[in-house]
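Breakdown of the fold
Below are the chains, spelled out letter by letter.
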Amino acid sequence: MKFSDKKANILRRFIPLLLVVAVPALVLGQKHSAPAAHAAPAAHASAPKAAPQSHAAASHAAPQSHAAPQSHAAPQSHASTASHTGGAATSHAGATGASHGAAAGTSHAGATGATHAGGAATTHAGATGASHGGAAGTTHAGAAGATHAGGAAGAHAGAAGASHGGAAGGAHAANAGHGATHAPPGRTVALKGGGSASIRPNGSVRSINRGGMQISHGVHGGSRVVGMHNGARVVNVGRHGGYVQRPYMSRGGHSYVSRSYYYHGHLYAGAYRSYGWHGYCCYYGYHPGFFFHAGFYGWAYNPWAAPVYWGWGWGGAPWYGYYGAFFAPYPVYPAPAFWLTDYLLAASLQAAYAANQEAAAAGDEGAAANGGGSDNLNASNGGGGAAPAAGGQVTLTPEVKQAIAEEVKAQLQAEKDEAASAAAPAPAGGGQQASTDEVPPALDPARRTFVVNDPISVVDADGNECGLTTGDVITRITDTPDADKNVNASVSASNKDDCAAGKTVAVAVDDLQEMHNHFREQLDKGMGELAKKSGTGGLPKAPDTGTVAGDVPPPQPDPNAEKTLQDQQAAADKTEAEVKQEAASGSGGGGK
């Protein structure tokens, strides 16, 4: 009996302990018995008990998609790989480039608690909770460049480079998310005499920065030199000319600069308005010295009563044969905007062809040799070469030309409004700094289509460098510059050997602004030609083609502009020779 009593006492002691352990275990087992507990509505749940604000944006449907914290009571509740589709290494990878595209927010799944990992505490940081906030293909449009930075394994890689698809070919649709993706390939070398040089993988010099002078070479040739001289900004565009820019005047709270251009033996000047934007000064926008009367702008904006047949007389012109596979005029003109579109495109291509012939006659082969050797340089590349062939990438299709015509119409309306504003009296301003934080025309959301006016080199979304030359057409797809003052653009049409159509490239806002400036200048000249030719050759007679002086008087050209440009070009040639000698001797200061 004593033994039995002893056993009973032992059992009485352990039964409560067993109950304490067994009952919670049974309850926990029941919670895990139903895998459906983490079905699609919880697919956007972050790492266990992640900070709710990381997904607080309204674009994630509703806060209830992040179930109450107790539903994620233990980290192992995220262990089911089936409920979160995709393994730890495939976070955001998506399938066939459709990452970030699934409905109901189910594409952001990931297993083992690593969903939306990003990097430690940076999960979808975005900008003020705006990540995932874009609409119609602008998912992940957060600013500040760090959004979706991902981890070392390249989260958000997607497939076939299509993640972050966006609209209109907008790979990397984040407004400021280029980061290192658009860094040009090659290396940077510290120069013994100070400064640095950027070297392409083929050994050619991309750029030199020394003594306050920046020398850049295009991927197919051509060059640009930017420096300061006696308080003036001096820009050489190849050997055929450039401009000298100085402070000019202030009016109505805005500051203006004068530019004295020297091209092909011709000297002229114009006023440009300064735009300060997000702490940067300055972008410079063309400001006309005169405006047409409102009636002429209205006539040029609206369709004609009947289509017009017009003969340009280009048939035997060498430039026209050179670009024949790329550019063809409209067979008929239903409205002045289409006539003006062909005028400004033809004027740009003619100028590019003339520059090409001038460089070839001068034996200027150095710039083209530096670019890596293309056999099919177009007219603006500063060398000879075959004309763009029919087998080239993309011609100026009707759709692309329609987009340019729409830009023409929009600019006509803008100039009509600007003329009315200029006619109003304005108080005198002071100072030479940009007065307001006002978006420059190059970043105006209403302006998307740009015609390239001078050769530039850009880097595509895959990190490859390519060239854009005169007549190429690009469409801006982001509005906010990154840290390097670049925005994304899609190539709409290109000459042979230029960036392929459909590519997304990073373009400097300064370059976009110069494209817009050239567009406006050519449009003003085209309006002048249309005014002179109206009523002839089948063109309807235009009303009131008179002009009125603008609010900012045109500046006088700098008589020393030609010499200043020549001096800077000579200094650039000397610097390049020194850098090449230094590179040949192997005495560079190092590279990376």
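See the structure shown above.
Residues numbered from 1 in each chain as written. Predicted model: local features only at pLDDT ≥ 70, side-chain atom pairs only at ≥ 80, totals over all residues. Heavy atoms only, no water.

The end-to-end C-alpha distance of helix H7 (residues 509-533) is 36 Å, a good match for the 36 Å that 25 residues give at a rise of 1.5 Å each. Among the residues trailing H7, Gly535 stands out with phi positive, at a value near 85°. (Helix = DSSP H or I, 4+ residues; strand = E, 2+ residues; numbered from the N terminus. Expected span 1.5 Å × (residues − 1).)

The subject of this paragraph is empty space enclosed by the protein. By the definition in use, this model includes six cavities of 30 Å³ or more. In this structure, the largest cavity occupies an estimated 90 Å³ of space. In terms of lining residues, the largest cavity is bounded by Ile404, Glu407, Arg447, Thr449, Phe450, Val451, Met515, His516 and Phe519. Listing elements by their share of the lining of the largest cavity, those giving two or more residues are helix H6 (398-423), strand E12 (449-451) and H7. Grouping the amino acids of the lining of the largest cavity by side-chain chemistry returns five nonpolar, two polar and two charged. (1 Å grid on protein atoms, 1.4 Å probe; cavity = no way out; pocket = protein on both sides within 12 Å on 5 of 7 lines; lining within 4 Å. Points joined across faces, edges and corners; volume = space filled by probe spheres on them. Nonpolar A, V, L, I, M, F, W, Y, C, P; charged D, E, K, R; others polar.)

Here Arg520 lies in helix H7. Here the side chain of Arg520 touches Tyr286 through a polar contact of 3.4 Å, landing on its backbone oxygen. Other than its neighbours up to four places away in sequence, Arg520 contacts Tyr286, Pro288, Gln411, Glu415 and Glu418. (Polar contact = N/O pair within 3.5 Å; in protein donor to acceptor, adjacent residues only side chain to side chain. Contact = heavy atoms within 4.5 Å.)

Here the focus is the sheet that holds strand E10 (residues 280-287). One open sheet accounts for ten strands, arranged E1-E2-E3-E4-E5-E6-E7-E8-E9-E10; its pairing is antiparallel. The sheet terminates laterally at strand E1 (187-190) and E10, the two strands that pair on one side only. The average angle at which neighbouring strand axes cross in this sheet is 20°, direction not considered. Pairing between strand E2 (residues 196-199) and strand E3 (residues 205-210): four bridges, direction antiparallel. Looking across to E3, one finds that Ile199 is bridged to Val205. (Pairing = 2+ DSSP bridges. Axes fitted to C-alpha atoms, helices over the stretch in contact; angles between N-to-C directions.)

Taking 1.5 Å of rise per residue, the 25 residues of helix H8 (residues 561-585) would be expected to cover 36 Å, and the 36 Å separating its terminal C-alpha atoms lies within 8% of that figure. Taken residue by residue, H8 has Ala561, Thr564, Leu565, Gln568, Gln569, Ala572, Thr575, Glu576, Val579 and Glu582 as its buried positions. (Buried < 20%, exposed > 50% of the residue type's maximum accessible area, 1.4 Å probe, protein only.)

The subject of this paragraph is the packing of helix H2 (residues 294-301) against H6. Remark: H2 packs on H6, axes separated minimally by 9 Å, with the N-to-C direction vectors making an angle of 165°. Taken as axis vectors, H2 and H6 run roughly antiparallel relative to one another. Note on packing geometry: the crossing formed by H2 with H6 is left-handed. In this structure, H2 contributes Ala294, Tyr297, Ala300 and Tyr301 to the contact, and H6 contributes Lys409, Leu412, Gln413, Glu415, Lys416 and Ala419. (Parallel < 35°, antiparallel > 145°, perpendicular 65-115°, else oblique. Left-handed = near helix turned anticlockwise from the far one by under 90°.)

Taken as a whole, this structure holds 26 aromatic pairs when the rule is applied. Here a set of aromatic residues connected by ring pairs shows up, and it is made of Trp310, Trp312, Trp314, Trp319, Tyr320, Phe327, Tyr330, Tyr333, Phe338, Trp339 and Tyr343. A cation sits over an aromatic face here: Lys401 above Tyr330, 3.9 Å from the ring centre. Between the NZ or CZ atom of Lys409 and the centre of the ring of Tyr301, over which it lies, the distance is 4.9 Å. (Phe/Tyr/Trp six-rings, centres within 6.5 Å; stacked < 30°, edge-to-face > 60°. Lys NZ or Arg CZ within 6 Å of the ring centre and 35° of its normal.)

Two elements in contact, H2 and H7, have axes separated by 12 Å at closest approach and are oriented at 90°. Between H2 and H7, the angle is such that the two are roughly perpendicular. Across the interface between the two elements, Phe296, Tyr297, Trp299 and Ala300 of H2 pack against Met527, Leu530 and Ala531 of H7.

Okay, the sheet that holds strand E15 (residues 473-476) next. Strand-to-strand pairing in sheets goes through backbone hydrogen bonds, with the strands running parallel or antiparallel. Read across the open sheet, the six strands follow the order E12-E15-E16-E17-E13-E14; overall the sheet is antiparallel. Taken across any chain shown, the strands that pair with only one partner, and hence form the sheet edges, are E12 and strand E14 (465-468). Adjacent strand axes in the sheet meet at a mean angle of 45° when their direction is disregarded. Where H6 meets the sheet, its contacts fall on E12, E15 and strand E16 (486-493), and the angle it forms with E12 comes to roughly 100°. Packing of H7 onto the sheet brings it into contact with E12, strand E13 (456-460), E15, E16 and strand E17 (504-508), and relative to E17 it is tilted by some 80°.

All right, on to the layout of surface pockets then. Taken as a whole, the second largest pocket holds about 520 Å³ of empty space. Elements represented by at least two residues in the lining of the second largest pocket include exactly strand E8 (254-263), strand E9 (266-277), E10, H6 and H7. The element contributing the most residues to the lining of the second largest pocket is H6, with five residues. Among the residues forming the lining of the second largest pocket, the class breakdown is eleven nonpolar, nine polar and eight charged.

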